[in-house]
Every structure is written in structure tokens, then in C-alpha cells.
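# Secondary and tertiary structure notes
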Amino acid sequence: MSDQITVGATAVMTSLVGLTLLARWWVRPEPSGRHRAPTLVLLRCPTSALDTEAAFCRAEGRVTVHARTRITKQFVCTECRSSNPDPLTADEARQEAS
Ligand SMILES: [Zn+2]
């Protein structure tokens, strides 16, 4: 009698575990969230979209990569974030003066 109850309980528990796994697979949600979204190759990193140029940084005293911002027209060092005079506007000012 006890053996039959054990076998029956084992069969019921095994079927419940199987049904649980099947139910979890059945109602599994679709992948969501930005980290799982497909990446767009067309979009570039914001810093790589900037207009960059090598120039002399007055704060560091050496030549570093500078980025030219589009809205405020600043010429900013990408390493120390200090603003330096833009060589393009300096050249334009020289051409207008001469
Ligand atoms: Zn710098």
C-alpha cells in the first residue's frame, strides 16, 4: 500500500514539474528593453559624431584631440575638457583683418 502511494506521488510530482517547465516556456515574454534591442549600425557614438581636430591644449601644454561643438561653437579638449581658442575662427579673423 505504501509503495503504491510513493509511486503515485512520484508520478504526480514529476508531471507537475514537467507542466511547470512547459508553462514557463509557453508564457515566456518576448525580449524587451534597450539592452536587448537590435543595435543600429547607422548611429554613431556621440563623441565620434563630433568634429575633432588635433590642437595645442593650453591647460596641458601639449597637442591633444579637440572637439568642436556645433551649437556653442566651443573648441574643447577631449582629455581635460578645457576650452581653447579655435584655430579655424583664428584663421578667419586673420583673413578678415588682412
Ligand atoms: Zn587638454
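This section reports on the structure supplied with the text. Keep in mind it's a predicted model, so treat the numbers as computed, not measured. Within each chain, residue numbers correspond to sequence positions counted from 1 in written order. Only residues with pLDDT of at least 70 are given local features in this predicted model, and only at 80 or more are side-chain atom pairs given and counted; all residues enter the totals for whole chains, interfaces and linings. Computation of side-chain values covers all heavy atoms of the structure but excludes hydrogens and water.

### Some thoughts on the pattern of salt bridges
- The term salt bridge refers to a side-chain nitrogen of Lys or Arg lying within 4 Å of a carboxyl oxygen of Asp or Glu. Applying the stated criterion to the full structure yields five salt bridges.
- For R62, the salt bridge identified is with E60, shortest N-O distance 2.8 Å.
- Owing to a relative accessible area of 30%, E60 belongs among the partly exposed residues under this scheme.
- Put simply, D86 and R68 hold a salt bridge, and the shortest N to O gap is 2.7 Å. Of the two residues, D86 is situated in the loop between β3 (75-77) and α2 (87-97) and R68 in strand β2 (residues 62-68); the sequence distance between them amounts to 18 residues. Here's how the labels work: a residue is buried when its accessible area is under 20% of the maximum for its type, exposed when over 50%, partly exposed in between, all with a 1.4 Å probe on protein chains only. For helices the rule is a DSSP run of H or I covering at least 4 residues; for strands it is a run of E covering at least 2, with both sets numbered from the N terminus onward.

### Looking at the coordination of the zinc ion
- Because no water is among the atoms considered, metal sites can look incomplete, with donors defined as N, O and S atoms within 2.8 Å of the metal, or 3.2 Å for Na, K and Ca. Coordination of the zinc ion by the protein comes from C57 (SG), E60 (OE), C77 (SG) and C80 (SG), over a distance range of 2.2 to 2.3 Å.
- Geometry at the zinc ion is tetrahedral, judged from its four donor atoms and the angles of 98 to 124° they form at the metal.
- One chain supplies every donor to the zinc ion, and in sequence these donors are spaced C-x2-E-x16-C-x2-C. Taken together, the residues span a long stretch of sequence, with E60 in the loop between β1 (51-57) and β2 and C77 in strand β3 at a distance of 17 residues. Each label reflects the angles at the metal, where four donors whose angles all fall between 85 and 135 degrees are tetrahedral, four or six donors whose opposite pairs open beyond 155 degrees and whose other angles stay between 65 and 115 are square planar or octahedral respectively, and the rest are irregular.

### Some thoughts on the sheet that holds β1
- In this description, strands pair whenever DSSP reports at least two bridges between them. Pairing is antiparallel in the open sheet, where three strands are placed in the order β1-β2-β3. The open sheet has two edge strands with one neighbour each: β1 and β3. The mean inter-strand angle of the sheet, taken between neighbouring strand axes irrespective of direction, is 40°.
- Two elements, β1 and β2, share seven bridges in a ladder whose sense is antiparallel. For C57, the partnering residue across the bridge sits in β2 and is R62. Throughout, an axis means a line fitted to C-alpha atoms (over the contacting stretch in the case of helices), and angles, computed between N-to-C directions, take values from 0 to 180 degrees.

### Considerations on the packing of aromatic side chains
- What counts as a ring pair is set by centres within 6.5 Å for rings of Phe, Tyr and Trp (its six-membered ring), and what kind of pair is set by the plane angle: stacked under 30 degrees, edge-to-face over 60, tilted for all other angles. A complete count under the given rule lists one aromatic pair for this structure.
- Taken together, a centroid distance of 6.1 Å and an interplanar angle of 65° make the contact between W25 and W26 edge-to-face. Per residue, the accessibility class of W25 equals that of W26, and both read exposed.

### Quick notes on the side chain of N84
- With respect to the helices and strands, the residue N84 is situated in the loop between β3 and α2.
- Judged by relative accessible area, which is 6%, N84 ranks as buried.
- When residues no more than four places from it in sequence are discounted, the contact partners of N84 are F56, C57, R58, H66, F75 and C77. Residues are treated as being in contact if the distance between any of their heavy atoms lies within 4.5 Å.

### Points about unusual backbone geometry
- The phi dihedral of K73 is positive, around 60°, even though this residue is not glycine.
- Position of K73 among the secondary structure elements: in the loop between β2 and β3.
- The exposure class of K73 is exposed, given its relative accessible area of 59%.
- The phi angle at R81 is positive, at roughly 65°, despite the residue not being glycine.
- Tracing the backbone shows R81 in the loop between β3 and α2.

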